[in-house]
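Residue-level structural notes
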Amino acid sequence: MAGTSLTPTTRAALPLAFLIAAALFGCAGSQATPGSSTIATPTVVGTVELDPALIDEVVPLTQALVRARAENPPGRERAVAELIAARLRAAGVEAELRAFAGPERVNLLAVLPGSNRTLPPLLLMGHSDVVPADAADWSSPPWAGLHVGDRVVGRGVIDMLGMVALQTLTLVALKDAGVPLERDVVLLIEGDEEADGAGVEAALRDWPAVRGAWAVLTEGGFLLEDYLRPGEDIAAISIAEKG
C-alpha cells in the first residue's frame, strides 16, 4: 500500500539537496552562498557537492529503517535510532541516545557545531516510530521495505522514515563537505510521535538546544506527482504547520 517515489537517482537527490540548501541558507558561513543555492542541479547545492554514493544511500537507509519495525504501540524506537547513530558516527558525527520510557524507547540527538554557538540552532526533527500495519491489508509485506519499480513500499516510508533518512544524510553531507556553519545544525529523532508525544516532551526537558531552536525543519507538505503539469512533480511546503 503506502509507498513513496524514492529512487537512487533524481528523486532521491532532489529532497536531499533541498534539505542541505535549507541548512546552508540558515547556517552557512562566508564560504557558502545561500542566495545561489539550487536544486536544479541535484548534485550541487550552493558550495556543497553531493557525492553520488551518498545520494544512493537514501533508498537502502530508508529500507533499513522500515525493517527495524518501530511499530507504535509498543514503540521499540531504539532499533531505528541505533541505525541512524551508526551512520552518523561512521561520518564522524557523534550521536546521543537517551531513553524516555524504558530501554527500548529512545530519542536521538546529534549536533554539527557552528562557529557562533551563542546563536540558536537550526533543528532537523523527525520521528522514528510508525503506526501499526496489518499484513493482510498490504500487497507486499509492510515491514520488508521492498523496492518496487520506482518506489520503496513499506510502513512508515512516507510518515516519516524516508524523511528521517534524508535528514540523517544531510548531516553526513554537511560534515563530509566541511561546510563552515555559523550556527549549530541539530538532528533530533524522537519517539512516540504517533501516540502520546512522550518522546518530544522528554527531548524538550533533556536538551536545551531543542527548546531554543531558531527554526525547525520537519514533516509537512505533500508531493503532487505528475498532477498539475504532465511530466512534472510539485512539492508543497507547509509553514508553521506544527504551531
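Residues numbered from 1 in each chain as written. Predicted model: local features only at pLDDT ≥ 70, side-chain atom pairs only at ≥ 80, totals over all residues. Heavy atoms only, no water.

1. Comments concerning a nonpolar patch on the surface
Together, Phe-18, Ile-237 and Ile-239 line one region of the surface with nonpolar side chains, adding up to about 350 Å² of accessible area. Of note, Phe-18 is situated in helix H1 (residues 10–27). (Patch = residues over 30% accessible without salt bridge, like charges linked within 9 Å, V, L, I, M, F, W, Y side chains within 5 Å. Areas by Shrake-Rupley, 256 points an atom, 1.4 Å probe, with all protein chains shown as cover. Salt bridge = Lys/Arg side-chain N within 4 Å of Asp/Glu carboxyl O. Helix = DSSP H or I, 4+ residues; strand = E, 2+ residues; numbered from the N terminus.)

2. Regarding the nonpolar core
One recurring pattern in soluble globular proteins is that nonpolar side chains are buried together. Counting residues in hydrophobic clusters, the biggest one holds 53 residues, and the most contacted among them are Ile-84, Leu-88, Leu-108, Leu-171 and Leu-187. The biggest single contributor to this core is helix H5 (residues 157–177), with 11 residues. Ignoring sequence-local partners within four residues, the contact set of Leu-187 consists of Ile-84, Leu-88, Leu-108, Leu-109, Ala-110, Leu-124, Gln-167, Thr-168 and Leu-171. Judged by nonpolar contacts, the second largest core, of 8 residues, contains Leu-109, Met-125, Leu-188 and Val-210. (Core = buried A, V, L, I, M, F, W, Y, C linked by side-chain atoms within 4.5 Å. Buried < 20%, exposed > 50% of the residue type's maximum accessible area, 1.4 Å probe, protein only. Contact = heavy atoms within 4.5 Å.)

3. So, H5
In terms of burial, H5 is largely enclosed, as 15 of its 21 residues are buried. Positioned one or two residues after H5, Gly-178 has a phi angle of 65°, which is positive.

4. Looking at the pattern of salt bridges
Between side chains of opposite charge, pairing is possible as soon as their charged atoms come close. For the structure shown, the criterion picks out 10 salt bridges. For Glu-57, the salt bridge identified is with Arg-87, shortest N-O distance 2.7 Å. In this pair, Glu-57 is assigned in the loop between helix H2 (52–55) and helix H3 (58–67) and Arg-87 in helix H4 (residues 78–90), connecting sequence segments 30 residues apart. Its relative accessible area of 23% is what places Glu-57 among the partly exposed residues. The partner of Glu-77 in a salt bridge is Arg-105, and the shortest N-O contact between them spans 2.6 Å. Taken together, the residues Glu-77 in the loop between H3 and H4 and Arg-105 in the loop between strand S4 (95–99) and strand S5 (106–112) connect sequence positions 28 residues apart. Assessed through its relative accessible area of 14%, Arg-105 is described here as buried. Salt bridges linked by common partners bring Glu-77, Arg-105 and Asp-192 together as one network.

5. A closer look at the sheet that holds S4
A sheet is described by the order of its strands in space; here 5 strands give the open sequence S4-S5-S9-S6-S10, paired in mixed fashion. Bordering the open sheet on either side are S4 and strand S10 (215–217), each of which pairs with just one other strand. Going from strand to strand, the sheet's axes swing by 20° on average, the running direction of each strand aside. Taken strand by strand, H4 contacts S4, S5 and strand S9 (185–190), and its axis lies near 165° from that of S4. (Pairing = 2+ DSSP bridges. Axes fitted to C-alpha atoms, helices over the stretch in contact; angles between N-to-C directions.)

6. Let's talk about helix H6 (residues 198–206)
It helps to recall that an α-helix has 3.6 residues per turn; residues three or four apart then point in one direction. Buried within H6 are the following residues: Gly-199, Ala-202 and Ala-203. Buried residues of H6, viewed axially, fall in a sector of 105°; they line one side. For H6, the elements touching its buried residues are S5, S9 and helix H7 (208–211). (Arc of directions from axis to C-beta.)

7. What to know about the packing of H3 against H5
At a minimum axis distance of 9 Å, the contact between H3 and H5 shows a crossing angle of 130°. Considering the angle they form, H3 stands oblique to H5. The crossing of H3 and H5 is right-handed. Contacts between H3 and H5 involve Val-58, Leu-61, Thr-62, Leu-65 and Val-66 from the first element and Val-157, Leu-161, Gly-162, Val-164, Ala-165, Leu-166, Thr-168 and Leu-169 from the second. Here the residues of the contact of H3 with H5 are counted per class, giving 10 nonpolar, 3 polar and no charged. (Parallel < 35°, antiparallel > 145°, perpendicular 65-115°, else oblique. Left-handed = near helix turned anticlockwise from the far one by under 90°. Nonpolar A, V, L, I, M, F, W, Y, C, P; charged D, E, K, R; others polar.)

8. Here we look at the pairing of S4
Two strands pair when backbone bridges link them, and S4 and S5 are joined in this way by 5 bridges, in the antiparallel orientation. Residue pairing across strands places Ala-99 opposite Val-106, the latter belonging to S5. The loop that links S4 with its antiparallel partner S5 comprises 6 residues; one of these, Gly-102, has a positive phi angle of about 95°.

9. Things to note about unusual backbone geometry
Here the residue pair Pro-73 and Pro-74 is connected by a cis peptide bond, since its omega of 10° sits within 30 degrees of zero. In this structure, Met-160 follows Asp-159 across a cis peptide bond, with omega equal to -15°. Although it is not a glycine, Arg-69 sits at a positive phi angle of roughly 55°. In this fold, Arg-69 is placed in the loop between H3 and H4. Classification of Arg-69 as partly exposed rests on a relative accessible area of 35%. Phi at Asp-192 takes a positive value of approximately 65°, unusual for a residue other than glycine. Checked against the element boundaries, Asp-192 lands in the loop between S9 and H6.

What is shown is where atoms sit, not what they do.
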